[in-house]
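# Breakdown of the fold
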Number of protein chains: 2
Amino acid sequence: TNSEADTMAQESDHPSLILTKQGIKDIRANLGKVPIFDESLEATKSEVDAEIELGIQVPIPKDYSGGYTHERHKRNHLIMQKAGVLYQILNDEKYARYIKDMLFAYAELYPTLPPHPQTRSYARGKIFWQCLNDSNWLVYTSQAYDCIYNYLTEEERNTLETELFRPFADYISIGNPKFFNRVHNHSTWGNVAVGMIALVMEDVSLLQRALYGIKDIRLDPNEKDNDGGYINKDGKIGFFANLDEPFSPDGYFTEGPYYQRYASYPFLIFAQALQNKKPELQVFQYKDSVLIKSVNALINLSDVDGEFFLLNDAQKGMSYDSRYLVSAVDIAYKFGGNKPELLSIAEKQGNVTLDDAGLAVALGIKNGKTKPFIKKSIELADGANGDEGAVGILRSGDLELVFKYTAHGLSHGHFDKLSYSLFDEGDEVVQDYGLARFVNIEQKGGGNYLKENKTWAKQTIAHNALVQNETSHFEGKYDLGSQHHSERYFFDSENESVQVASAKEVNAYPGTKWQRTMVLIEDPDYENPYVLDVMRVEAEKANQYDLPFYYLGQMMQTNFEYSKLEVPEILGKSNGYQHLYKEASAVSKGGNLKLNWLLNNKFYSYTFVTAKNDEILLARIGANDPEYNLRTDPTLILRKKNTKNTLFVSTIESHGTYSPVSEFAVNAYSNIKNIEVLLDSEDYTAVQIDTNNEKSDIFIISNQNSDKDAAHKLNIENKEYTWKGPYLLVEKN
Amino acid sequence: TNSEADTMAQESDHPSLILTKQGIKDIRANLGKVPIFDESLEATKSEVDAEIELGIQVPIPKDYSGGYTHERHKRNHLIMQKAGVLYQILNDEKYARYIKDMLFAYAELYPTLPPHPQTRSYARGKIFWQCLNDSNWLVYTSQAYDCIYNYLTEEERNTLETELFRPFADYISIGNPKFFNRVHNHSTWGNVAVGMIALVMEDVSLLQRALYGIKDIRLDPNEKDNDGGYINKDGKIGFFANLDEPFSPDGYFTEGPYYQRYASYPFLIFAQALQNKKPELQVFQYKDSVLIKSVNALINLSDVDGEFFLLNDAQKGMSYDSRYLVSAVDIAYKFGGNKPELLSIAEKQGNVTLDDAGLAVALGIKNGKTKPFIKKSIELADGANGDEGAVGILRSGDLELVFKYTAHGLSHGHFDKLSYSLFDEGDEVVQDYGLARFVNIEQKGGGNYLKENKTWAKQTIAHNALVQNETSHFEGKYDLGSQHHSERYFFDSENESVQVASAKEVNAYPGTKWQRTMVLIEDPDYENPYVLDVMRVEAEKANQYDLPFYYLGQMMQTNFEYSKLEVPEILGKSNGYQHLYKEASAVSKGGNLKLNWLLNNKFYSYTFVTAKNDEILLARIGANDPEYNLRTDPTLILRKKNTKNTLFVSTIESHGTYSPVSEFAVNAYSNIKNIEVLLDSEDYTAVQIDTNNEKSDIFIISNQNSDKDAAHKLNIENKEYTWKGPYLLVEKN
Ligand SMILES: [Ca+2]
Ligand SMILES: [Ca+2]
Ligand SMILES: [Ca+2]
Ligand SMILES: [Mg+2]
Ligand SMILES: [Mg+2]
Ligand SMILES: [Mg+2]
Ligand SMILES: [Mg+2]
């Protein structure tokens, strides 16, 4: 039991998670003077006032995401958090009363609840169908509780803590150790939920549980969750383990930006609270300031619109406008040395958090400190130690090429070694399918993962990646895939006119290894930069290779004859092939083939080198899709049968525009006349690219030595080429 | 031969087509003072200066549209016209010299030219593959010639007129009477081309030819052009005939807004020139000011973005930003009584013509005269006398419903009686396919009409229209279709909360007649307005009826079970059915069926009443499309077999939104619980619509009497309804 002095001491400590006593003073002093803060406050006030009007609804849990009870409870914790900051900022008791009334409604309901009636999750919550969402609830509600802590009597606090918060924290941790004791973005939410309420309640043992996991439980290392991910393979647990594991030293989150966006919130909100309450932990310095770096990495993993690249499971359209990123950017600004380029992101977001961090950003903007955040080409290493491959992002002009040579990406990973996607002015041109899910849209499988995510979206054939013998990488087995990663070979973006990322994969198909080199070339002989893709395959035996090309848009023309089937055929039986309809096919006579297409009123061309008798398949997604869960997007597949070693070489150009208003087509055709492989040996691959205006460039890559300083000498067609470093691009004369 | 006095008189008359001597004075006096004019001038100057830098290119004609020679010659006349006004406005001789040099290059080339080598047109040009484009050239070049007339010596003018202009005008008229002596938008260009050069040269007999056609030629009334349209069925010829025929008294152009946009330029530019040179003709007063009305009609035929509705052959994305419409709006403003709402359209266009009309608009904007152009619901009658059906446009909230009950629309017409399309916030939600053509994109059939335009886009099954026995309206025969039109029954948009358009078709299928009533209802029980569609069919014998519904977007859910085929089947053999793949089907147990879908992050529902054993087909466009000329959009078809009289009733709601950033789905489900047909007799049809919140509305239509003042009394389920006028919407209590 608390002595009166203890109570006083505790009261003086509130609020202290995201708002501090000094912060509130500063915020109040600046009210009406800082536009972006005032606007955010006004918007929040309108939203919360409208909810208060509607009255308190705490229904008995029943639905999956998308359904009423799920969405209502979610809204409750979001609104409580907002009401909390409004109470502190505006000092208007109605907000405190609203939170108090709602918390007491929960305190009455919660003890009566069995696990959630919907059974799809391996870790069911009580308020929601999975512990993840219960954890969300507690992360937000802790902040609200912190804000009204001093408004409540000690008896009221005792009731809430005994009836609601402590049992809630216990249920999502001790009650669900497979959920809590795990390295996974969901578990981070669990750890942070427990940690946040521990900080409010100043409960040392709960805080230890949050930071370092439940010590006395050992889980079966081979057990998996309902998404097929390992529950806990190596025994790492707790918040710090979750910070160690999925983040690379570059701040890349191994599940990819879509999940990082979601995970970043608990990491950063808890780090902020820890910094305020336990500065001695130096959480922002942890692992060479990885949390601050992670925000920088995440912004770099977005296209020019701020939309995240599609890596692993990821829904299209998610962007740094997400409320999670508003928090992340504001916290990174305040606790990461006030980097002025973060202010330009905050300006694009158009709002700030209503707390100390948000005020710092708002004042930075008001005081004219903003600098543009210029996204350059960047390589972000994967793996806790930064040695498990990487994502290479090449940027030039309006093009952004995303080349993936990472580790598997935990349970949200796809079997897509050395795949890529291409964006032009922020629009996908050569796509990654993303996930097969309509998040929170109840009519589509309750808004959860659809079965096509596993049978289609994760499979190799769903990617711009090499498929051998119609099987996915690592046989599509998570246990195998998660043991390996691709190897970066080199990444060089120093020369703006030729930027190169090259990587190798040796594990995905035992007995076969391949190297892919993606080059973004800016050349005065072309209107726009273009992509060169050189993929070299070495195998111990003859295989069939498929290389899909997921262009988006309407085909305009090919330079080869194809025969379209009367009705489509299903392309295969498994590994994702069962979801593709073959619509047309062609057999190459050798030489360059071209696909010319139109997307968003821009003309594109894909030019690819073929050998005689290579097959070309024109296919479309949508087979074995009984509930219309898939998008019916097209693809072109280059198929080489009964082949050991081979080389895939292609270019992608964005070369022209069309206006439906003026009806003018400008530069509708490819500017590339011919691509020729001049040489392909174990040591070197050399490719010549001729333009329509009679210019030629030669690109040479050293296949075995990526040393920046190594000198190379090579004779091709009686001409000697000498250079330093892993590649050469030179104009032929 | 001209006396010196004549020459002087003539010189004093130039320029006089679109620029006048007074106009130039005013323009020069206002330079630097009227922002939109100055910006337009600056943009034009940059464009023309860049072309002058490139030098003069007058290649030997060779290509179809999209190809080099076509695009180059097209650019030449556009740039000459602009250089002409720049010469007059800026008084800089380099512009006059540029035009002069180019004209002399043409004067050298033209006499050597045979008809264009590409043979697809029934009326080949010399510079271009069709006389239409040669006419375009002359319409623009006449303006340039007018601008530099006084800059040239008499001898130079004689050379140009003898070697180039007169033979050019003769070739497109006397040399191609089937092209020139015709009522068709192409012929309008021909007439105007001859008329414009006649006005510059002050050639009375050429002007007569332009205004009234070539008198001494009689064409075969049954001959058709290569698009299947009649060349000259009723012997009407010349500019005034072209003004009489295709425009209704409301200013609706029978081919639809896409072609009106194109045709409006020659009509209005020539009218302007006639007004300046021959005011006694009172061309703007002709047919109760139909030219001015036509501009108003055309703006009303655009969605909230200014993009034209898809009626007949029409490419998507064409809008009033078209340069043709900039001219049309500016001319309508200057010569149509300075209507201030046209200024708001000019502001959206963002530029004005560099002539007297453009200055008037620019000054109007500068002087703050702009008023918003508010597009309301409107009915636009079709037919020279306004008695050949109409287009009914119902607008409410963000919805725009376009209901077509017109005449056939000449050679660009589709077999789509009583079809409709629906727009939400300017995006198509229930689409009209548009045309099967990629205008000026050479890689698609030279940028010309594709064969799928006839086999697919024109056919009834390509529309949201009733199809009987898998045949198109009028057997898909232009000769039959062009003899008839649908009948408007009534149009009433006076009550904003219930707007109704109703029409009947009795000719498209002999022995069958049907009436369709489209209602846009704004009801406080619904978040947004919704569409009610009541279609009543009476037939002499049993038929199969198909009603397609071309929703755009991703299916979310249906409330009925369907079985998807392993592989699609081709739906039929002809009449467009050969282009549809059947993907899935269902058999109704009766009652309401629902389709729920997502488009642009908005949720929509289609709820339709069925009878037991009605079939539902889920299909997709793309069969028998060997060159990927078609878009693979989905459709839902309600099929009633072996049925005589029947009633199709359905509703369309836009009820919810999704945010991929917040991942919140709001109002994802239809608000309509049930639709029930209460009564359906020869005289009345009554439908009850129940919402999820237990409210009911009853809609009753009088099927035989559309009199606004007729009193009706009807007993349904022992309740008496009395009302005045053709319909009643009443809340049930
Ligand atoms: Ca993927
Ligand atoms: Ca070069
Ligand atoms: Ca149509
Ligand atoms: Mg984008
Ligand atoms: Mg994007
Ligand atoms: Mg639009
Ligand atoms: Mg539109």
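Residues numbered from 1 in each chain as written. Chains lettered and ligands numbered in written order. Predicted model: local features only at pLDDT ≥ 70, side-chain atom pairs only at ≥ 80, totals over all residues. Heavy atoms only, no water.

## Here's the deal with the overall build of chain A
The number of helices and strands found in chain A is 18 helices and 24 strands. Against the 2.2 N^0.38 benchmark of 27 Å for 733 residues, chain A shows a C-alpha radius of gyration of 28 Å, consistent with a compact globule. Dimensions of chain A along its principal axes, counting C-alpha atoms only, are 90 × 55 × 55 Å. Within chain A, the proportion of its 733 residues that are buried is 64%. Counting only contacts in chain A whose residues sit at least 6 apart along the sequence, the fraction spanning at least 24 positions is 67%. On chain A, roughly 25,500 Å² of surface is accessible, and the fraction owed to carbon and sulfur atoms is 47%. (Helix = DSSP H or I, 4+ residues; strand = E, 2+ residues; numbered from the N terminus. Rg over C-alpha atoms; globule rule 2.2 N^0.38 Å. Buried < 20%, exposed > 50% of the residue type's maximum accessible area, 1.4 Å probe, protein only. Contact = heavy atoms within 4.5 Å. Areas by Shrake-Rupley, 256 points an atom, 1.4 Å probe, with all protein chains shown as cover.)

## Remarks on the coordination of the magnesium ion (ligand 7)
Residue and element names in this part refer to chain B. Protein-derived ligands of the magnesium ion (ligand 7) are D303 (OD), E307 (OE) and G426 (O), with the metal-ligand distances lying across 2.0 to 2.6 Å. Going along the chain, you hit the donors of the magnesium ion (ligand 7) in the pattern D-x3-E-x118-G. Under the relative-accessibility criterion, G426 is labelled buried at 4%. (Donors = N, O, S within 2.8 Å, 3.2 Å for Na, K, Ca; no water.)

## Notes on the coordination of the calcium ion (ligand 2)
All names here are of chain A. Within the first shell, the calcium ion (ligand 2) binds the protein through D523 (OD), D523 (OD), D525 (OD), D697 (OD), D697 (OD) and E731 (OE), at distances of 2.5 to 3.2 Å. Viewed at the metal, the 6 donor atoms of the calcium ion (ligand 2) are separated by angles of 42 to 148°, and the geometry they form is irregular. Taken in chain order, the donor set of the calcium ion (ligand 2) reads D-x1-D-x171-D-x33-E. Residue D523 is found in the loop between β9 (512-521) and β10 (530-539), and its partner D697 is found in strand β21 (residues 696-702); the two are separated by 174 residues along the sequence. Take D523 and D697: they sit in the same class, and that class is buried. (Tetrahedral: all angles 85-135°; square planar, octahedral: opposite > 155°, others 65-115°.)

## Details of the confidence of the model for chain A
Averaged over chain A, the pLDDT score is 95; the fraction of residues at 70 or greater is 98%. With pLDDT under 50 throughout, residues 1-9 of chain A is counted as low confidence; its partners more than four residues away or in other chains account for 5 contacts. (pLDDT = per-residue confidence, 0-100.)

## Re the interface of chain B and chain A
If you look at the interface, chain B gives 58 residues, while chain A gives 58 residues. For the pair chain B and chain A, the two sides together bury roughly 4,600 Å², of which 51% comes from carbon and sulfur. The largest share of the area that chain B buries against chain A comes from Q443, Y628 and E663 of chain B, three residues that together contribute 18% of it. For the pair chain B and chain A, the interface holds 2 salt bridges. Across the pair E663 of chain B and R261 of chain A runs a salt bridge, and its minimum N-O distance is 3.9 Å. Summed over the shared surface of chain B and chain A, the result is 36 residue pairs in polar contact (both at pLDDT 80 or more). Tallying contributions element by element places strand β13 (residues 563-570) of chain B first for the side of chain B that touches chain A, with 7 residues. When grouped by side-chain class, the residues that make up the side of chain B that touches chain A number 28 nonpolar, 13 polar and 17 charged. (Buried area = accessible area lost by both parts, 1.4 Å probe. Salt bridge = Lys/Arg side-chain N within 4 Å of Asp/Glu carboxyl O. Polar contact = N/O pair within 3.5 Å; in protein donor to acceptor, adjacent residues only side chain to side chain. Nonpolar A, V, L, I, M, F, W, Y, C, P; charged D, E, K, R; others polar.)

## Some details on the pattern of salt bridges
Residue and element names in this part refer to chain A. Scanning the model with the defined rule gives 75 salt bridges over all chains in all. Across the pair E51 and R72 runs a salt bridge, and its minimum N-O distance is 2.9 Å. Here the residue E51 occupies a position in helix α3 (residues 35-54), and R72 occupies one in helix α4 (residues 68-90), the gap between them amounting to 21 residues. R395 is the partner of E400 in a salt bridge, and the nearest nitrogen-oxygen pair spans 2.7 Å. One exposure class covers both E400 and R395, and it is buried. Sharing partners across several salt bridges, the network here consists of E47, E51, R72, R75 and K82.

## Here we look at the relation of the copies chain B and chain A
Relative to chain A, chain B is turned by 180° and slid 0.0 Å along the rotation axis, the superposed coordinates differing by an RMSD of 0.1 Å. In the structure described here, the two chain copies are related by an operation that fits a two-fold rotation axis. Both copies contact each other with a shared surface, as 100% of the interface residues of chain B are interface residues in chain A too. (Least-squares fit on C-alpha atoms with pLDDT ≥ 70 in both.)

## Thoughts on the environment of N715 of chain B
Residues and elements named next belong to chain B. Along the chain, N715 turns up in strand β22 (residues 711-716). You can call N715 partly exposed: its relative accessible area is 46%. Remark: the alpha-carbon pair of N715 and N600, spanning 115 residues in sequence, is separated by 44 Å. With residues up to four places along the chain from it excluded, the contact list for N715 reads L679 and E720. At 3.3 Å, the side chain of N715 and the backbone nitrogen of N718 are in polar contact. In this structure the side chain of N715 is engaged in a polar contact, spanning 3.4 Å, whose partner is the backbone nitrogen of K719.

## Looking at the sheet that holds strand β2 (residues 390-396) of chain A
Residue and element names in this part refer to chain A. If you trace the 5 strands from one edge of the open sheet to the other, you get β1-β2-β3-β4-β5, paired in antiparallel fashion. Where the open sheet ends on each side, the last strands, each with one partner, are β1 (378-381) and β5 (427-430). Adjacent strand axes in the sheet meet at a mean angle of 20° when their direction is disregarded. As defined by bridge partners, β1 adjoins β2 across 4 bridges and the pair is classed as antiparallel. Considered in β2, the bridge of E379 is made with G392. (Pairing = 2+ DSSP bridges. Axes fitted to C-alpha atoms, helices over the stretch in contact; angles between N-to-C directions.)

## Section: helix α12 (residues 257-277) of chain B
Taking 1.5 Å per residue as the helical rise, α12 of chain B with its 21 residues ought to reach 30 Å, and the 29 Å between its terminal C-alpha atoms agrees with that figure. Of all 21 residues that make up α12 of chain B, 19 are buried, and the element is covered over most of its length. (Expected span 1.5 Å × (residues − 1).)

## Regarding the packing of helix α14 (residues 323-335) of chain A against helix α15 (residues 340-349) of chain A
Residues and elements named next belong to chain A. At a closest axis distance of 10 Å, the pairing of α14 and α15 adopts a crossing angle of 155°. Here α14 lies roughly antiparallel to α15, going by the angle between them. In this structure, the crossing between α14 and α15 has a hand that is left-handed. Residue-level inspection shows L325, V326, V329, D330, A332 and Y333 of α14 in contact with α15, the latter providing L342, L343, I345, A346 and Q349. (Parallel < 35°, antiparallel > 145°, perpendicular 65-115°, else oblique. Left-handed = near helix turned anticlockwise from the far one by under 90°.)

## Some words on empty space enclosed by the protein
As enumerated under the stated definition, the model contains 3 cavities of 30 Å³ or more in all. Put simply, the largest cavity is a space of about 230 Å³. For the lining of the largest cavity, the secondary structure elements donating two or more residues are β13 (563-570), β14 (580-599) and β15 (602-621) of chain A together with β13, β14 (580-599) and β15 (602-621) of chain B. Residue classes in the lining of the largest cavity are distributed as 8 nonpolar, 4 polar and 8 charged. (1 Å grid on protein atoms, 1.4 Å probe; cavity = no way out; pocket = protein on both sides within 12 Å on 5 of 7 lines; lining within 4 Å. Points joined across faces, edges and corners; volume = space filled by probe spheres on them.)

## Quick word on the domain arrangement of chain A
All names here are of chain A. According to the domain assignment, chain A consists of domain 1 (56-245), domain 2 (247-375) and domain 3 (378-668). Put simply, the middle of domain 2 and the middle of domain 3, counted by C-alpha atoms, are 30 Å apart. Listed by partner, the interface residues are 27 residues for domain 2 and 40 residues for domain 3. A combined buried area of about 2,600 Å² lies between domain 2 and domain 3, and 55% of that area is made up of carbon and sulfur atoms. In terms of surface lost to domain 3, no three residues of domain 2 exceed N312, D313 and K316, which account for 23% of the buried area on that side. Connecting domain 2 to domain 3 are 1 salt bridge. One salt bridge connects K316 with E428, and the closest N-O pair in it is separated by 3.0 Å. (Domains from an automatic or database assignment.)

## A word on helix α5 (residues 93-109) of chain B
Residues and elements named next belong to chain B. Counted at 1.5 Å a residue, the expected span for α5 with its 17 residues is 24 Å, and the 24 Å between its end C-alpha atoms agrees. Restricting attention to buried positions, one finds in α5 the residues Y95, A96, Y98, I99, M102, L103, Y106, A107 and L109. Those residues of α5 that are buried lie in contact with α3 (35-54), α4 (68-90), α6 (131-148) and α7 (154-172). Of the residues flanking the start of α5, the one acting as N-cap is D92, its side-chain oxygen 3.0 Å from the backbone nitrogen of K94.

## What to know about the sheet that holds strand β20 (residues 684-691) of chain B
Residue and element names in this part refer to chain B. Spatially, β19-β20-β21-β24 is the arrangement adopted by the 4 strands of the open sheet, whose pairing is antiparallel. Two strands in the sheet have a free side with no partner beyond their single neighbour: β19 (672-680) and β24 (727-731). Taking each pair of neighbouring strands and ignoring which way they run, the sheet shows an average axis angle of 15°. As judged from the 7 bridges shared by β20 and strand β21 (residues 696-702), these two strands associate in the antiparallel manner. For D690, the partnering residue across the bridge sits in β21 and is S696.

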